[in-house]
Amino acid sequence: AGQRRFTHMQLLKYIGTPMKRLILPTLLTLTLTSAAMAQDQTPGSHFVTNWDADSNGLVSLEEATTKRGDIFTSFDADEDGKLSAEEYDMFDQARANDQAQMKQGMGQGQGMGKGHGKGMNEENGMQRAFNDTDGDGLVNRDEFMARVPDWFAMMDSNGDGGVTTDDFGSGN
């Protein structure tokens, strides 16, 4: 209630030409992956597919760090090294759209990391409150990137140094 919703095209228009080269492939990947994931009901498979750069079935801390850096760059529309309230709202909306697409394809997201086990940690680690460590209402790149190890540890339920689908689902 009261939260503004953005379409993919509105997001692209707001972000501007230089950022379109980064955000368009990201949104396209999320859209295509969400559709593909509708057939795979393994908890955490959506996350692993999107974050596992070398496709070995395991997301390393290095992969997570690189991906979060790319995400920050994609949503820092004015390239000032900070996500403003409006930029973070767009980031929140893009994540919400991704989750909604995933749920729609999964029949309300059964076992796909929203409300089950460690999957909530995937989402919690992206929340503004988690990343705004100095509480100034802005999230700068240093804050966002400094939280990667904590966020990664929240998802790595077995503590083996990598995030796989085994780290998701009930009981994790």
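Computed from a predicted structure; not experimentally measured.

Undergrad: Please give an account of the packing of aromatic side chains that cites residues and values.
TA: Applying the stated criterion across every chain yields a total of eight aromatic pairs. With 5.6 Å between their ring centres and 45° between their planes, Phe72 and Phe144 make a pair best called tilted. Of this pair, Phe72 sits in helix α4 (residues 61-75) while Phe144 sits in helix α8 (residues 141-146), placing them 72 residues apart in sequence. Given a relative accessible area of 1%, Phe72 falls into the buried group. Taken together, a centroid distance of 5.2 Å and an interplanar angle of 70° make the contact between Tyr88 and Phe91 edge-to-face. Remark: Phe91 and Tyr88 occur in helix α5 (residues 85-105); sequence separation between them is three residues, near one turn of the helix. Grouping residues by exposure puts Tyr88 and Phe91 together as buried.

Undergrad: So what about the nonpolar core? Which residues, and what values?
TA: For soluble globular proteins, the rule of thumb is that nonpolar side chains tend to be buried together. By size, the foremost hydrophobic cluster in this structure holds 24 residues, and its most contacted members are Phe47, Trp51, Val59, Phe144 and Trp151. For this core, the secondary structure elements donating two or more residues are α3 (45-51), α4, α5, α8 and α9 (148-155). Ignoring sequence-local partners within four residues, the contact set of Trp51 consists of Val59, Glu63, Ala64, Lys67, Arg68, Ile71, Met126 and Trp151.

Undergrad: Could you give an account of the environment of Met154, with specific residues and numbers?
TA: Among the secondary structure elements, Met154 is positioned in helix α9. A C-alpha to C-alpha distance of 9.7 Å links Met154 and Asp167, two positions 13 residues apart in sequence.

Undergrad: Quick rundown of α9? Include the residues and the values.
TA: All buried positions along α9 are accounted for by Val148, Trp151, Phe152 and Met155. Summarising the axial view, the buried residues of α9 lie within an arc of 100°, below the 170-degree limit, and thus occupy one face.

Undergrad: Just give me the short version of the pattern of salt bridges, but keep the residues and values in it.
TA: A complete count under the given rule lists four salt bridges for this structure. The partner of Asp92 in a salt bridge is Arg128, with the nearest N and O atoms 3.2 Å apart. Of this pair, Asp92 sits in helix α5 while Arg128 sits in helix α7 (residues 128-131), placing them 36 residues apart in sequence. Shared partners join several salt bridges into a network, and the residues in it are Asp89, Asp92, Arg95 and Arg128.

Undergrad: So what's going on with the packing of α4 against α9? Which residues, and what values?
TA: Two elements in contact, α4 and α9, have axes separated by 10 Å at closest approach and are oriented at 125°. Between α4 and α9, the crossing angle belongs to the class labelled oblique. Every pair of crossing elements has a handedness; the one defined by α4 and α9 is right-handed. From α4, Leu61, Ala64, Thr65 and Arg68 reach across to α9, where they touch Val148, Pro149, Trp151 and Phe152. Across the contact of α4 with α9, the residue classes tally to six nonpolar, one polar and one charged.

Criteria and thresholds
- Residues numbered from 1 in each chain as written.
- Predicted model: local features only at pLDDT ≥ 70, side-chain atom pairs only at ≥ 80, totals over all residues.
- Heavy atoms only, no water.
- Phe/Tyr/Trp six-rings, centres within 6.5 Å; stacked < 30°, edge-to-face > 60°.
- Helix = DSSP H or I, 4+ residues; strand = E, 2+ residues; numbered from the N terminus.
- Buried < 20%, exposed > 50% of the residue type's maximum accessible area, 1.4 Å probe, protein only.
- Core = buried A, V, L, I, M, F, W, Y, C linked by side-chain atoms within 4.5 Å.
- Contact = heavy atoms within 4.5 Å.
- Arc of directions from axis to C-beta.
- Salt bridge = Lys/Arg side-chain N within 4 Å of Asp/Glu carboxyl O.
- Axes fitted to C-alpha atoms, helices over the stretch in contact; angles between N-to-C directions.
- Parallel < 35°, antiparallel > 145°, perpendicular 65-115°, else oblique.
- Left-handed = near helix turned anticlockwise from the far one by under 90°.
- Nonpolar A, V, L, I, M, F, W, Y, C, P; charged D, E, K, R; others polar.

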